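Descriptive analysis of the structure
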Amino acid sequence: MTGSHFSIILLPTLGCNADCEYCFEKKANHHLSLDHLAVLIEKVMDFLARKHIDRLSIYWQGGEVMTLPPEWFEQAHSIIRRSAEARRKEVVHYLQSNMIGYSRKWNRVIREMFGNSVGSSMDFPNLHRKIKDGVPEEYERLWIRKVREARACGIKVSVIALPNDQTLQIGAERFYSYFVDELGITEFQVNTPFPGGSSNQVKDGYPLDAKRLGRFLLDLARVWMDRGFGKGVQVSPFDRLVEYFVDGRKNLLCIWRDNCVNDFVCIDPQGYVSQCDCWAASYPEFRFGNIFDRDSLFDLLGNSDARRRLAERPGVLVQREDCIECRYLGICHGGCPVRAYTMQGDLHRKDPYCPVYLTLFEGMERLAACRP
Amino acid sequence: MTDITCNIPVALIARFRERKMIVRAHDPLEIVENVRDEDLVDVSFVQLLSLNGKIDSLIGWGNAIPVELVVSDTCRDLPLLYRYAPLLAVHPVRVSVPLAPGFGKVAKLALSLNLAVKLEGGQPEASLLAEMHRMALLYLHQSTVSEPIEFFHSLFLAFYHRHPISLWTIQEEDPSLVRHITDTGEETMPGRLAGMGVPTDFSAFLQDMQRGPAGEEGECAGCEFRLQCQGYFKWPLREYRCAGVQELLRTLRGAAEELRTDIASFHAPGGGGQR
């Protein structure tokens, strides 16, 4: 809620056609009806008006969004457009999908609603992303085929990748080549994995070793600087950190904003409002309330104890942790609350990937200073 | 309309309309409810004396009028700064913090939130001077700091441009320019001088300081910063020793001169300016 812009992570379904081992969500057969969407969006518009916010970004995620038919999204688009026009608000839609359910029948809605762009996910090597009862290799083959089909239709596909232990072994050069040279992906983001949701053997391996992960990320940043920087390849978070260290612009990942509570909420298909998709399905104790049970999203957020605890977190960290001493406080603020909670059981601790971030920030500051 | 700016309690705004104002209140809601759109042209900034109020009302109010957050307890108020970060989208925001233990943390957090900082107080003890020096180095040299810290910033610019300026002016404590209006409507001296009571001649104070400590034999007599200071650090206690403060001012002046030299050499024939 930064005055003029707000974001919603909207989960129209918690159904999914994949069975990824590190998924933090609790899958369920819940879908948002169009009638409920109309109610939901009116309450969101009321909220924007009350907060004097003009622009809304909606990040459509799941579950897996493409388990719903494209016609559902076409109607959703109309409902939201009508509501936004009546309130003189600007709405921009973003689509995050695993692409497994993609076919050409999605092209029209991707073009008209999502600016011909889709965010997807893949790792290298892919160890944990699978379709139900399948193996990672099968998933990867299918994903590559779908991505190539989409790109052949002019759709831009960006990728979020999670490193794993083998990623750190094979190194940054090979990782970069896989996405950029082999797949032709020109926009990808590397996230840090965390053990959200129910535990299993894969999640027990998190956090990844800080030293090795930090080294990998810096190596990857150097590879990108040498081969992709200024040549149309965007790799986050490196590109955003360079932008910050050169121009001072803080267009940072959500984990490094001063308080994510100010910027977005997540709403699931049953109407439960929480901070983000990482909390939505697996941590009901952190729900802020249900938008269908309340007249006002403004009041729902204002009266939520769970949200208050999240909002207090960065202020607690500057008193309790060593964040206030850190040179990079202004671009981290203690990192991600869900990473802190899922790895330490305490919301009011700093992100356990702190040493990784520190390595990255120091390295990126140096790289930004001597960029080509 | 005079050029004197009055720092007024919001409850008295009706009496001061069409004068230049700084409007202070404990609760943002009081500001929104009492300051009319047509008043804004005369409002230099609004001061929030407590950091506990709800800021939502200010988001849609005030046509980008600057907001100053007044920190009174550095420990208690430190975590509350986070609540005000969203205001930046619609208002310039400055944090004024007293030179008291913990002020460095408040200043650092404010800067990390892209909030400007003003340090309040004039006779820092040794431990606070060391922290001020650290803050000055942060302001001057840390690439991640993009907001001003006053009085460092204005003084640095004055050194750089070789413009005369007084710390009384920078700190908004020159009685000929700023007045404090008490909650009962009495016009008094500004800033830390407010407790002095009501003088018969507001402009006499600085003249007295120039004739007094700044003009007498003693530490001020040969001071290289007399022009900028004008006894600022000799009030309220004349016997305050200024060596630490002078060192701090030397650091600011040295950095300004270094920058002047660098820029001059850059633009000189054979430099890189036009190549």
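These notes cover the structure that comes with them. (Residues numbered from 1 in each chain as written. Chains lettered and ligands numbered in written order. Predicted model: local features only at pLDDT ≥ 70, side-chain atom pairs only at ≥ 80, totals over all residues. Heavy atoms only, no water.)

**Side note on the nonpolar core**
- Core analysis: the biggest nonpolar cluster contains 129 residues, and Val 44, Trp 60, Phe 73, Trp 143, Phe 179, Phe 188 and Trp 256 of chain A have the highest contact counts within it.
- The residues touching Val 44 of chain A, leaving out its near neighbours within four places in the chain, are Ile 8, Leu 56, Ile 267, Ile 291 and Leu 297 of chain A.
- Grouped together as the second largest cluster of nonpolar side chains are 90 residues, Leu 51, Leu 140, Val 145 and Leu 248 of chain B included. (Core = buried A, V, L, I, M, F, W, Y, C linked by side-chain atoms within 4.5 Å. Buried < 20%, exposed > 50% of the residue type's maximum accessible area, 1.4 Å probe, protein only. Contact = heavy atoms within 4.5 Å.)

**Details of the packing of helix H8 (residues 210–227) of chain A against helix H9 (residues 238–247) of chain A**
Residues and elements named next belong to chain A.
- Between H8 and H9, the least distance of the axes is 10 Å, while the angle of their chain directions is 75°. Relative to H9, the element H8 is oriented roughly perpendicular. In this structure, H8 contributes Leu 217, Leu 220, Ala 221, Trp 224 and Met 225 to the contact, and H9 contributes Phe 238, Asp 239 and Val 242.
- For the contact of H8 with H9, the residue count by class is 7 nonpolar, no polar and 1 charged. (Axes fitted to C-alpha atoms, helices over the stretch in contact; angles between N-to-C directions. Helix = DSSP H or I, 4+ residues; strand = E, 2+ residues; numbered from the N terminus. Parallel < 35°, antiparallel > 145°, perpendicular 65-115°, else oblique. Nonpolar A, V, L, I, M, F, W, Y, C, P; charged D, E, K, R; others polar.)

**Topic: the interface of chain B and chain A**
- With 19 residues of chain B in contact, the opposing surface of chain A contributes 23 residues.
- Summing both partners gives a buried area of about 1,800 Å² for chain B against chain A, and 57% of it is carried by carbon and sulfur.
- When the area that chain B buries against chain A is broken down by residue, the three leading residues are Tyr 82, Lys 108 and Thr 144 of chain B, summing to 31%.
- There are 1 salt bridge connecting chain B and chain A.
- With its nearest N and O atoms 2.6 Å apart, the salt bridge here joins Asp 56 of chain B to Lys 51 of chain A.
- Our enumeration of links across chain B and chain A arrives at 11 residue pairs in polar contact (both at pLDDT 80 or more).
- Contributing elements (two or more residues each) for the side of chain B that touches chain A: helix H3 (56–59) and helix H5 (103–112) of chain B.
- For the side of chain B that touches chain A, the element with the highest residue contribution is H5 of chain B, accounting for 4 residues.
- Broken down by class, the residue content of the side of chain B that touches chain A amounts to 10 nonpolar, 6 polar and 3 charged. (Buried area = accessible area lost by both parts, 1.4 Å probe. Salt bridge = Lys/Arg side-chain N within 4 Å of Asp/Glu carboxyl O. Polar contact = N/O pair within 3.5 Å; in protein donor to acceptor, adjacent residues only side chain to side chain.)

**With respect to unusual backbone geometry**
- Gly 63 of chain A follows Gly 62 of chain A through a cis peptide bond whose omega is 15°.
- Here Gly 63 of chain A lies in the loop between strand E2 (55–60) and helix H2 (70–87).
- Backbone torsion omega between Phe 124 of chain A and Pro 125 of chain A reads -10°, so that peptide bond is classified as cis.
- Positionally, Pro 125 of chain A belongs in the loop between strand E4 (117–121) and helix H4 (136–152).
- The backbone of Asp 133 of chain A sits at a positive phi, close to 60°, despite the residue not being glycine.
- Inspection of the secondary structure puts Asp 133 of chain A in the loop between E4 and H4.
- If you check the backbone angles, Asn 63 of chain B has positive phi at about 50° while not being a glycine.
- Summarising the element assignment, Asn 63 of chain B is placed in the loop between H3 and strand E4 (67–70).
- Using a relative accessible area of 71% as the deciding quantity, one classes Asn 63 of chain B as exposed.

**Regarding the side chain of Asp 351 of chain A**
All names here are of chain A.
- Residue position: Asp 351 is located in the loop between helix H13 (337–344) and helix H14 (354–369).
- Here Asp 351 is buried and forms no salt bridge, its nearest opposite-charge partner Arg 339 lying at an N-O distance of 4.8 Å.
- Separated by 3.0 Å, the side chain of Asp 351 and the backbone nitrogen of Cys 336 make a polar contact.
- A polar contact of 2.6 Å, which involves the side chain of Asp 351, links it to the side chain of Tyr 357.
- Setting aside residues no more than four positions away along its own chain, Asp 351 makes contact with Arg 313, Gly 334, Gly 335, Cys 336, Arg 339, Ala 340 and Tyr 357. (Lys, Arg positive; Asp, Glu negative; His and termini not counted.)

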